[in-house]
Amino acid sequence: MKKYFLVILAILLVSLPFVLFSVMANYSGTDDKSVSMIEQVAPDYTPWINNLWEPQSDFSEAMLFALQTAIGVFIIALYVVYSYKNKKCKA
Amino acid sequence: MYRFIIIAIAVLLPTQLFGMHIAEGYLPAQWAIGWAAMFLPFLFFGVRKIKSISEKEPKAKMLFAVVGAFVFVLSSIKLPSLGGSSSHLTGIALGAILFGASSMSIIGLIVLLFQALLLAHGGITTLGANAFSMAVVGSVVAIIVYRTLKNAKISSNVSVFITAFVSDIAIYMCTSAQLALAFQSSEASFGSNFLKFISVFAITQIPLAIIEGLLTVLIFNLIIKYNSNEIAIINPSLKV
C-alpha cells in the first residue's frame, strides 16, 4: 500500500510539469472561460484591477504550478517516511 | 501567527480584493469586500481552533501541514476535462473532516494567496469570495455530508469519497452563484446567470471531483493508519 503510494507520488512529481505545460498550451482553464462568460453576461463590465504580477510565459507558469505541487508532495512524502520509520521503531 | 495574518489582510485588502477562482478584477468592489467580510470570522475562529488543538496535541501541527500540503498538491493539478477546458481540484474535504470547517480557512487563504500572487490565478481582490466558496462552503458541506453518511453507517471509504466529491461540486456551485449574484441585471437574471456559470464549471468538474474523491480516500486512510490516536484527540467526535 505504502510502496504503491510512494510510486504514485514520484510519478506525479516527475511528470507533472510536462503534463501541466502541454495542458496549458492547448486548453483554456475554466477561469478563463468564466471570464468570457462574464463578458457575455455583462458586456459593459470592465475589470477594475489587474494582477500585480503575472508569469511571463506559459512555461514559467507551468513551472510555478509545478513548484506548488512539489511543495505539497514534499511535505506529504516527509510525513509518509516519518510515519513509516516511527512505526518500524515501535515494532 | 494570527496577528501576522490579520496584518497581512489589512495591508492587502485595500489594494486588491478578488478570490479563489474568480479572476482578479472580475468582481465588483462591493461584492469583493462583502465576501471578504463574510470570510474573516471563519478565519478568526480557524486560527483560534488550530491554536487550541495544537496545545492539546503537539502532533496536530504536523497533521495540519499534511492536510494543507494535500490542498497544495490538488489545487495545483490542472487537468484537461470535458469540453476542451482544464480545471483543477481543491482537496478541502480531507482537512474539513479531520480538523473541522473553520480550520480550513487558514489553508484556503494560504493556497489562494500563493496562486494569486505567484500564478496570477484568482486574485487578491477576489480572495474573500474565493476563500469563502472554497474554504467555508467547501468544508461546511464536507462535514455535513460526512456526518450524514457516517450516521447512516456507510463505510469509511465510501463516505470519504462521496464527501470529497460533493464538496468539490459545492465549491463550484458557490463560485457560480457568487458570479451570478454580482452580475445580475435587468437582462440577466440571477437564475439564467447561475445556469450559464454552472455550465462552465460544474460539468468539467464532475470527472475531476471523482479523481479528488479517490485521492482523498487514499490519504485519509494513510493518516488514519498512522495517526488514529492523534486524530481521536484532535477531533473526538469524528467517526472513522
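Residues numbered from 1 in each chain as written. Chains lettered and ligands numbered in written order. Predicted model: local features only at pLDDT ≥ 70, side-chain atom pairs only at ≥ 80, totals over all residues. Heavy atoms only, no water.

**Student:** Please provide a residue-by-residue account of the overall build of chain B, values included.
**Tutor:** Each helix and strand counted, chain B has eight helices and three strands in total. From first element to last, N terminus to C terminus, chain B shows the α and β order α-β-α-α-β-β-α-α-α-α-α. Taking the intrachain contacts of chain B between residues at least 6 apart in sequence as the baseline, contacts between residues at least 24 apart amount to 76%. About 8800 Å² of surface is accessible on chain B, with carbon and sulfur atoms providing 72% of the total. (Helix = DSSP H or I, 4+ residues; strand = E, 2+ residues; numbered from the N terminus. Contact = heavy atoms within 4.5 Å. Areas by Shrake-Rupley, 256 points an atom, 1.4 Å probe, with all protein chains shown as cover.)

**Student:** Outline the side chain of B:Ser176, listing residues and values.
**Tutor:** Residues and elements named next belong to chain B. Its location among the elements puts serine 176 in helix α7 (residues 156-182). Overall, serine 176 belongs to the buried group, its relative accessible area being 0%. When residues no more than four places from it in sequence are discounted, the contact partners of serine 176 are Phe194, Phe197, Ile198 and Phe201. (Buried < 20%, exposed > 50% of the residue type's maximum accessible area, 1.4 Å probe, protein only.)

**Student:** Account for the confidence of the model for chain B, with residues named and values stated.
**Tutor:** The predicted coordinates of low-pLDDT regions are not to be read in fine detail. All names here are of chain B. In this model, chain B carries an average pLDDT of 84, and 86% of its residues clear a pLDDT of 70 or more. The model gives residues 1-20 a pLDDT under 50, and that stretch makes 63 contacts with residues more than four places away or in other chains. Every residue in residues 81-85 is under pLDDT 50, and counting partners more than four places away or in other chains gives 15 contacts. (pLDDT = per-residue confidence, 0-100.)

**Student:** Before we move on, could you go through the pattern of salt bridges and cite the residues and values that matter?
**Tutor:** All names here are of chain B. As enumerated under the stated definition, the model contains one salt bridge over all chains in all. Across the salt bridge formed by lysine 59 and glutamate 230, the nearest N and O atoms sit 3.7 Å from each other. Remark: glutamate 230 occurs in helix α8 (residues 190-234) and lysine 59 occurs in the loop between α2 (29-56) and α3 (60-76); sequence separation between them is 171 residues. Among the residues examined, glutamate 230 registers a relative accessible area of 13% and is labelled buried. (Salt bridge = Lys/Arg side-chain N within 4 Å of Asp/Glu carboxyl O.)

**Student:** Outline helix α4 (residues 92-99) of chain B, supporting the account with residue identities and numerical values.
**Tutor:** All names here are of chain B. For α4, a buried count of eight out of eight residues is recorded, marking the element as mostly surrounded by other parts of the structure. Within the sequence span of α4, burial applies to Ile92, Ala93, Leu94, Gly95, Ala96, Ile97, Leu98 and Phe99. Within two residues after α4, glycine 100 carries a phi angle of roughly 95°, on the positive side.

**Student:** Provide a residue-level description of the nonpolar core, including the pertinent values.
**Tutor:** Counting residues in each nonpolar core, the largest one holds 92 residues, and the members touching the most others are B:Leu98, B:Phe99 and B:Ile223. Per element, the largest residue contribution to this core is 15 residues, and it comes from α8(B). (Core = buried A, V, L, I, M, F, W, Y, C linked by side-chain atoms within 4.5 Å.)

**Student:** Give a description of the packing of aromatic side chains that names residues and reports values.
**Tutor:** Counting across every chain of the model gives 11 aromatic pairs over all chains. Here the aromatic cluster, defined as three or more aromatic residues joined through ring pairs, consists of A:Tyr45, B:Tyr26 and B:Phe183. (Phe/Tyr/Trp six-rings, centres within 6.5 Å; stacked < 30°, edge-to-face > 60°.)

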